[in-house]
Structure formats: structure tokens, C-alpha cells
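What follows is each chain in one-letter form.
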Amino acid sequence: MAHSTPVPTSHADPVVQELVAALGENSVAADRDTLLAYECDGLALYKQRPRMVIWPNSTEQVSAAVRILHRFGVPIVPRGAGTGLSGGATPVENGALIQLSRMKRILDVNPTDRMARVEMGVINADLSAHVARFGLAYAPDPSSQTACTLGGNVAENAGGPHCYKYGATSLHVLSLKVVLSNGNITELGSPDADPIGYDLRTLFIGSEGTLGIATEAWVRLIPKPEIVETWLAPFASMDAACKAVSSIVASGIQPAAIEILDDRTIAAIEASVFAAGYPLDAAAVLLVEVDGAPIEVGRDGERIRGICQQFGALNIQFARDEDERKRLWKGRKGAFGAMGRVAPDLYVMDCVVPRSKLPAALDAIREICDRYKVRNANVFHAGDGNLHPNISYDGRDADETKRVLAAGEEIVKMCVALGGTLSGEHGIGIEKNIYMPLVFGAGELDAFANLRRAFDPDGLMNPGKVMPAALCGEIAGAMKR
Amino acid sequence: MTEPAVLPKDPCADFASAEGRAHFARSLDCVHCGLCLPVCPTYQLTGNEASSPRGRIYMMRAVADGRISAEPGSTYDNELHFCLVCRACETVCPSGVQMEALVEHARCEMNKKTGPPSRARRFLLRTVLPDRKWLRRAADATAIYSKTPIGKILRKLGIVDWLFPGATAREALMPHVPKREHRRDLPALLPPVGEKRGRVAFQEGCVASQLLQDINEATVRVLTRNGWEVSLWKNPSCCGALHAHAGDLEFARELAKKNIEEFEKTKADFFILNSAGCGSHIKNYARLLEVETGWLHRAKEIAAKTRDIGEFLVETGYKPRNGPRALRVAYDEPCHLVHGQRVSAQPKQLLQSIPGLQLVPLAGATDCCGAAGLYSLERTTDSMAILDGKMQQIRASGCEVLATGNPGCILQYRLGARRAGMNLQIMHPIQLLDEG
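Just so we're clear, the structure is a prediction, and the values are computed from it rather than from any experiment.

**Side note on the overall build of chain A**
A tally of helices and strands in chain A yields 17 helices and 20 strands. Against the globule reference of 23 Å for 481 residues, chain A gives a C-alpha radius of gyration of 22 Å, in line with a compact fold. Structurally, chain A occupies a C-alpha span of about 70 × 55 × 50 Å along its principal axes. By residue count, 56% of the 481 residues in chain A fall in the buried class. In chain A, 69% of the contacts between residues at least 6 apart in sequence involve partners at least 24 apart.

**Considerations on the overall build of chain B**
Along the backbone of chain B there are 24 helices and nine strands. Here chain B has a C-alpha radius of gyration of 21 Å; the compact-globule value for 436 residues is 22 Å, and the two agree. C-alpha atoms of chain B, sized along the principal axes, occupy 65 × 55 × 40 Å. Within chain B, buried positions represent 52% of all 436 residues. The long-range share in chain B, meaning contacts at least 24 apart out of those at least 6 apart in sequence, stands at 75%.

**Re the domain arrangement of chain A**
Where interface size is given, it is often the accessible area lost as the parts come together that is meant. Residue and element names in this part refer to chain A. Segmentation of chain A into domains returns domain 1 (1-224 + 450-462), domain 2 (227-337) and domain 3 (343-417). Here domain 1 and domain 2 have C-alpha centroids that lie 34 Å from each other. With five residues of domain 1 in contact, the opposing surface of domain 2 contributes eight residues. Within the side of domain 1 that touches domain 2, the residues separate by chemical class into two nonpolar, two polar and one charged.

**Things to note about the sheet that holds strand β5 (residues 306-308) of chain B**
Residue and element names in this part refer to chain B. The five strands are arranged β1-β3-β2-β4-β5 in an open sheet whose pairing can be described as mixed. Looking along the sheet, the strands with just one partner apiece sit at the ends: β1 (189-190) and β5. Here strand β2 (residues 198-202) runs beside strand β4 (residues 270-273); their pairing, made up of three bridges, is parallel. Residue pairing in the sheet places F202 in a bridge with I272 of β4.

**Describing the confidence of the model for chain A**
Residues and elements named next belong to chain A. In this model, chain A carries a mean pLDDT of 91, and residues with pLDDT of at least 70 account for 95%. Low pLDDT, under 50, characterises residues 1-7; the stretch is placed with 24 contacts to residues that sit more than four places away or in other chains. Per-residue pLDDT stays below 50 along residues 471-481; that stretch engages in 30 contacts with residues further than four places along the chain or on separate chains.

**Concerning the interface of chain B and chain A**
With 36 residues of chain B at the interface, the matching set in chain A holds 42 residues. When contributions to the side of chain B that touches chain A are tallied by element, the ones reaching two or more residues are α2 (41-46), α3 (53-64), α4 (75-82) and α22 (380-397) of chain B. Here the residues of the side of chain B that touches chain A sort into 19 nonpolar, 13 polar and four charged.

**Thoughts on the packing of α22 of chain B against helix α23 (residues 407-420) of chain B**
Residues and elements named next belong to chain B. α23 packs onto α22 with a crossing angle of 80° between their chain directions and a minimal axis gap of 10 Å. Between α22 and α23, the angle is such that the two are roughly perpendicular. Across the interface between the two elements, L387, K390, M391 and R395 from α22 touch Q412, G416 and A420 from α23. Taken together, the residues that form the contact of α22 with α23 break down as three nonpolar, two polar and two charged.

**Considering unusual backbone geometry**
Note that the residue after N235 of chain B, namely P236 of chain B, is joined by a cis bond; omega there is 0°. Position of P236 of chain B relative to the elements: it lies in the loop between β3 (228-232) and α13 (241-245). Backbone geometry places N157 of chain A, a non-glycine residue, at a positive phi of 45°. As for its placement among the helices and strands, N157 of chain A is situated in the loop between α5 (150-156) and α6 (163-166).

**Describing the domain arrangement of chain B**
Residue and element names in this part refer to chain B. According to the domain assignment, chain B consists of domain 1 (20-114), domain 2 (119-177), domain 3 (182-314) and domain 4 (321-433). Facing the 11 residues of domain 2 at the interface are 17 residues of domain 3. Among the elements that make up the side of domain 2 that touches domain 3, the one with the highest residue count is helix α8 (residues 132-147) (four residues). A breakdown of the residues in the side of domain 2 that touches domain 3 according to their chemical character gives seven nonpolar, no polar and four charged.

**Some points on the nonpolar core**
I54 and L286 of chain A are the most contacted members of the largest nonpolar core, which has 277 residues in total. Residues in contact with L286 of chain A, not counting those within four places in the same chain, are A233, F235, A241, A244, V245, I258, I260 and C308 of chain A.

**Looking at the sheet that holds strand β9 (residues 425-427) of chain B**
All names here are of chain B. As summarised here, the arrangement of the four strands in space is β7-β6-β8-β9, forming an open sheet in which the pairing is parallel. Edge positions in the open sheet fall to β7 (358-360) and β9, since each of these has one partner strand only. If you compare each strand with its neighbour and ignore which way they point, the axes differ by 35° on average. For strand β6 (residues 328-331) and β7, the ladder comprises three bridges, and the chain directions are parallel. Note that in β7 the partner of A330 across the bridge is V360. Sheet contacts for helix α20 (residues 345-352): β6, β7 and β8 (401-403); angle to β6, the most-contacted strand, approximately 170°.

**Looking at the environment of S190 of chain A**
Residues and elements named next belong to chain A. Mapped onto the secondary structure, S190 falls in the loop between β9 (185-189) and α7 (200-204). As for S190 and S175, which are separated by 15 residues in sequence, their C-alpha atoms are 4.8 Å apart. Every residue in contact with S190, bar those within four places of it in the chain, is listed here: S175 and P195.

**Some thoughts on the confidence of the model for chain B**
Residue and element names in this part refer to chain B. With 93% of its residues at a pLDDT of 70 or more, chain B has an overall mean of 91. Overall, residues 1-5 carries pLDDT values under 50, and its contacts beyond four positions in sequence, including any with other chains, amount to 12 contacts. Confidence metrics for the complex model read pTM 0.92 and ipTM 0.90.

**Concerning the pairing of β9 of chain A**
Residues and elements named next belong to chain A. Bridge count between strand β8 (residues 173-179) and β9: five bridges; the pairing is antiparallel. Of the residues in β9, the one forming a bridge with V179 is I185. The turn linking β8 back onto β9 is made up of five residues, and G183 within it adopts a positive phi angle of 100°.

**Considerations on helix α7 (residues 119-128) of chain B**
Side chains of residues three or four places apart in an α-helix project in the same direction, reflecting 3.6 residues per turn. Residues and elements named next belong to chain B. For α7, the set of buried residues is L124, L125 and V128. Projected onto a plane normal to the axis of α7, the buried residues spread over an arc of 125° and lie on a single side. Turned more than 90 degrees away from the buried face of α7, the exposed residues are R119 and T127.

**Examining the environment of V314 of chain B**
Mapping V314 of chain B onto the fold places it in helix α18 (residues 309-316). Setting aside chain neighbours within four positions, we find V314 of chain B in contact with Q346, Q349 and L350 of chain B.

**Description of the environment of L362 of chain B**
Residues and elements named next belong to chain B. With respect to the helices and strands, L362 occurs in the loop between β7 and α21 (375-378). What makes L362 buried here is the crowd of 23 C-beta atoms within 10 Å. In this structure the C-alpha to C-alpha distance between L362 and A330, which are 32 residues apart in sequence, comes to 6.0 Å.

**Some words on the pairing of β3 of chain B**
Residues and elements named next belong to chain B. Counting buried positions over the five residues of β3 gives four, a clear majority of the element. Taken together, the two bridges between β1 and β3 define a ladder with antiparallel strand orientation. Paired with L190 across the two strands is V230, which belongs to β3. One ladder, built from five bridges, connects β2 with β3; its direction is parallel. Directly across from V200, in β3, lies its bridge partner V230.

Cut-offs used in this document
- Residues numbered from 1 in each chain as written.
- Chains lettered and ligands numbered in written order.
- Predicted model: local features only at pLDDT ≥ 70, side-chain atom pairs only at ≥ 80, totals over all residues.
- Helix = DSSP H or I, 4+ residues; strand = E, 2+ residues; numbered from the N terminus.
- Rg over C-alpha atoms; globule rule 2.2 N^0.38 Å.
- Buried ≥ 20, exposed ≤ 12 C-beta atoms within 10 Å, placed from the backbone.
- Contact = placed C-beta atoms within 7 Å.
- Domains from an automatic or database assignment.
- Nonpolar A, V, L, I, M, F, W, Y, C, P; charged D, E, K, R; others polar.
- Pairing = 2+ DSSP bridges.
- pLDDT = per-residue confidence, 0-100.
- Axes fitted to C-alpha atoms, helices over the stretch in contact; angles between N-to-C directions.
- Parallel < 35°, antiparallel > 145°, perpendicular 65-115°, else oblique.
- Core = buried A, V, L, I, M, F, W, Y, C linked by C-beta atoms within 7 Å.
- Arc of directions from axis to C-beta.

Okay, here's the thing in C-alpha cells:
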């Protein structure tokens, strides 16, 4: 990488010396300020400085780095763009960060078979933009899609609003090239056919960097729908909005996306650069999108509007063209950042409840947050019952931070008690590993630990993530609360 | 947007000091979402979080919280100066973080620790740029240096590098200096053609007054042709943007005040700039002067009357060009126009109104070219790495003319075309509209 930025590196560390010798001066850093910049990802609640940061530019370089780190027994945390919200890329004490941001080549596009071979540092939205000329798109669309990498998407089995119809990352990755914990390179799955034998590809997707580091993938591309229609339906109560969603799903229609934003989220968005013209007087808005063939879209759209009106939707806005459609989505996709106007820090939670329990869960969230005196706003994938409670806070206020964490814990437990689960799409990371026993029994957790050991016998791959620390015999120091 | 409650008088108060915390409060809007990473030209080069807006803000916060000290020569220092202040991050930031304000302040704070600037830097910023007489001398000297044997002798004797350390190594960057008769000052008052619609003030700019006076001439021709009387002043010849970016906020404030005084004397209805960097900076005068007693409302007034030439013509209406220009033109959006002033549609509208002109799409049109004020001189390798990437996109667009509205970018692209061996004309959109 040709750039003149001198990265002052601490050569006192023998591991750093070897890494520099293998990868080059520009690919390793261990100076105070760089390490500081890497001490957290999108979840800023937990901070830990890494021992060094490594930027490989090929699978072979990843392998070389992992071999060295493995030999020295240095824990390894992979990182994409650092937009993850469960602390999957939070460094571990004395551990290395391997960031794949320089591996951003789109290696091959095969429009006939509708697939592409990509490096894992490719930005999600860049892939869709690149294949648009063939009338194709990459379906999973997390809200951070303009910044997050496909590698991070694979690690977290990322979703997004349109995964309601198209499914999350695991349905869109055909094969993976991965570097295992000992540095060996292997292929999981195949672009040509469904895997024979154990489906390790699916196992790897969503493993949050604990089974190895994916460096390359063949991904599935979908044809862009013929037409897309988007509506914004404002409701006078959250309850009515949720009931409308249940009714839409029960009617058998398959919208591309169904999102709900509450009044506080709307207020934050409308005050930001992502202002989308959402009505400030609504208690909740429903953002619904239908795509497909014109006949189908027209018919489904009419039925959806009918259902919304039946539940008291006020003034339904219809995106007449692509610009208006983008504007309506811009507010939704920028919602988290827009919350920056509320307080210096933001905790974006992710949990799931059965759709029918959405109103009860939302009432409970508000009650819990009011009780802990923390500021909450909600935006969520209503079609999947996937909630994203946002809690705004000031990380410099230790007491408030403690209250945020306590409220978060109650929210998670409440969702599980309602029949839901820990995460819809952000992953477990270090945010929720201690809650795993809420949804899994000792036998299941033991099976997980055995599986993990089979891939990573020395416990070096993203230790302390996903599983409760006690179970994987590794305390990363990341759970200091 | 978190607006600081009470701002300190000292523009360079430490982030960690009680006073500086008010400046620093601006960084608190950042929620660490990372949406700024992919649009940052330096992150694109390195893939390093510390070279991203989010990483830089994170380090600033750590300085403010006393977790690290701002040390000269540290990565923090390096990253502050690696940043181009292109403001692409501000356009995509959902939280409205004011990156330019933060970086200017952090540089100011760092300058205090680094010690006095080099002779050359101080001379250039404080003596040459604000004074038309010195600008002319500097242009004369550059012309003599590059076109006569004197340059060779000075170089051999090492005098050049003694005066301007590292200058000979950067000779390839040297712009073409037009002959003296092509860089004459414009008259102080230019009458409108036909019925007078009003009076506008116009500033020729520091570098542009010597190197791109043809663009200034085209600008005033279009203005007068459209019924505007144009009023100009010679000194200060610079708006102070380069000073503010370099962290010399103290001198930037002095220049701002002098320019406000000169503008008020013209009694003009508008202040027109054809330089995106200057327009953006002048629109920000209120931020610069908010703590100076008696200046805030004057700064707000000049900001409210300031327009980029393209923005102004579309807003007030203009006579379309008569003669056709059968050219394939790509429009590159200057950072301080698209990101700094959020002016994007108007220059394209101007170009599209020109008969025969074909506007071709340009990938990466809103990305920085790497000129960034003094950046190309001070961080040449980084600047050229960014420029070379842009030249590939420009080549791919198949354009014959590249239109862009900022002197720094125009000079940078002329250099880029030379480096890439491309036969490409670089023009200001106003030159294409002009029929003179």
C-alpha cells in the first residue's frame, strides 16, 4: 500500500518484529495512538486496547500472520469495518487484531450463474453497486451497508430490512475460503452445488470469528426486482402499528420489508441530515416495501394499504419514484447515527420476540428504561419481531453507564421470557455471551464448546466471544463492567 | 448538533482544558457508527481506523479526557495532518459531526506544542498570501526560477532548500506561471452591461489572482453581462481558509475581520466567489468569530450574502450561452462546494445549459483530488496517491474537458494530467459558460 504515513511501530515486541518481517512495515502497527483507535467497534460500551493491529492484503498474508500469532500463543480477533454492535471485534487483552479492510477486491462476477467471488473486506453496498449493471444485487442489507464489510456480515450472519423476504447472509454465501487457527487455508462449501457431507459453510457463517477467519467467498446474487413500491404509514399508537404488521403477515402477503420506527426515533431522524419527511406527530410509522412483478406488487400493495387503514393509519405516504423511495429509506438507515443528537453515546440493542408479543415487549422496554432513567427510542424489523431498542447515554457518566447496562440486561431477560431470543442479527459477541444460558441448556453449551475446540484447540480465535467466558476457559478481561 | 455553551477566547485552548472542552463538545455528536469510513480518502488508502474520521475523533476524545497526551510526532499528530479536511465525512454523518471545526482546532492546539512554524511556512501564510504585492513577487520569482538559468544556480547552491526545505524535490509540482500581462489586477469597479440588477462583491483570491486570472476575468464578464456591477478590493487578497486549515486560527480571524470590513465598504448585495474553498470558509466566518465581541452578527451577515458563482447564477437567473461548445465534459465536484457548501446541482445545471455540451458521468466525482490547500506541498506522496486514483476515473469517463470550481483542484488536475500523460483540458465551469 503506497502511502507516506509513518506508522511508528514498537519493535520491542518480538511478535511485532516477526509480523513486520513477514508482512512489511506498513502492515503492522503497535503504537499507542493506533491501538487506542482500535479499542472498540460499533459497541463503544466495552473497551480494550489490542497488542497490535495487522492489515494483510491477501489470504496468504492472513495465513502467515495467523501462523506467527499461533506459534506465540497470541489471541486473534478479526475485524472488518468495526461497525458491529455486539462487540465481535472488541480486542482481547494482549491479543492481535487482524483487519481485512485492505482486502477489498471484487475478483469475479458471473452474471450467468448469478454469483460473484469477493474478498471479505469488500463493503456490502459496493458489491450491489458493482453488479447493478447486470441487473443483479446482493440481498442482505444491514443498516450499516454503506460501511460494513462482507467479512463482518459472514461473521455475524448479518441481516437487514430486506432479509424478511430474502433471508440473512447464510442464504447468500455459496462457499468460503477460510484461514484456520493454525494458519491452514481451506475451502468450505462450493459455488457449484450444495455441500455434500457436513455443511461446514453454514456452520462457519455466524460463528463470529471463533472458528477461523474468512478471507474470500463466492456469494449469490439476486436479480433486481422488476418494480419496488414503498409506503410510509403513520399510526396514532404503537399498538395499532404492531397489529397492522401481524395482520399483514397473517394475510399471507410477503412484503420485502416491514419496519417500525417510534416517535422518538422519528424526532431524531427529522433533526438530522437524514430527514426523510416522517410525520412528527405520529406515535409510530410503518415502512413497508413490496417488490416483484408489477401485477403482484400492485395487488399486494393495495391489500397492505387496506390493512393499514383498517388499523387506523393516518396519511399513507407513497414513494412515487426512486428518489422518494431512497429518501424514505435514508431515514431508517441513518436512524442510529441520528441518535447521536440525543446524547454522546448510543447503545443499539438487538433482540427478538414473537411478532404477537411486540406491543407487550415495547411497553416493557419503555417501562424498564423509565425506571432506570435512561433515554430510549425504538426502531425495528417488525416483520421478524426483531427489536432494536436504542439507549442514549453519556459514557463519561459512570452511573448512567451502569444504569444503561442494567436496563439492557432486563430487556434481554424480558424478551427471552416472552418467548424470544438474544439476537436477531447483531450476534452475541461480548455483549450477550453471559446470557447464553438463558436460551441454551448445559448439554447444548457443552456441544458448542466441543465444536469450537475442534476448530480451535488452543482457544486463540476471538476468545471470550459468543460463549460465556467460564465455558471456553478464557477470560478476555472484556467483561469488566 | 451539540453547540458549545461557552466558547473560549483562545482558539487553541487545549481539548483537555476547561476552556477547550467547549470546542471539544463538538466531537460528542459522534456515536462511533462508522458510516464515515468508506468515504474518507485517507481510510481508503490505508484501511486504518486511525486514518478514519471516526478514529481521529476517538483520539481527540481521548486527548480531551486525558487518556492520551497530544504529542508532536505521535500517530495522533500525524493523523491530524494526514486528514485532507475534505469534509466528505460530514456529508454522510447522520449525527452532524463538524469535522472541519474539530480538525482546525486540534491542529491549532498541536501547533502550540510543535513550536513556531518553519520560516517558509510563516512567510508564505502570513506575508505572501494576504498581500497582492507579495503574491505578484512570488509569482515573478517562480517564473524566473523555472524559466531562466537562475533557478539552476540557486538550486545548486542549496539556497532554495535553505529557504524552503524540501522544495527542489517538489519541483514537479510547480504550476505554470502565466506571463505578467495575463495576471493583471482587475479594476476596482466593473460596470454592468445593460440594465443594472444590483452590485456584487468579488474576490480574486490569493493563488488564483496570479495563476488563474483568466478564470477571474471570465467570472466578472459573466457577472457584468448578467447586469451585475462588480466591486473588488485588493487586500487582504486572501480569505484565510488556508490559515484556518493549518491551525493558524488567530491569523485566520484577523483576515476574516479585514475581509468583512472591506465587504461592508462595497455595500454589495452579494459576495461572489468562484473558489469553493474560499466560499466555504467565508460562509463559516461566524464559527470563526463567534467569540469576538461585536463581530458575530457581521460575520453572519457576510455569510448570508456569500454565494458560489454557480449557486448565485442559478438562484438569480442568467443569460444562457449563445454559441455552442461541442465538448464532452465531466464535472468533478470540489469538496468545499459539495460537502462544504452542499452546492451540487447548480454547477451541473449551468453546464447542461450550454448548447452542444455533453455532460458525461464521472465515477468518484465527489471524492477529494488530494490538493487540499497546502497538503499537496506538505504531504506530496499521499496527495499524489489520491490524485493518481482520480486520474484513472477521469480517464475512464472519456471526457475532453474536466470542469471543476476550485483553484487548488484545477492546479492539481493540471498536474495530474501531466503525470498521467493525458491530453485533457481543466476548466472552471464559468469559463465554459463565458463567451468572452
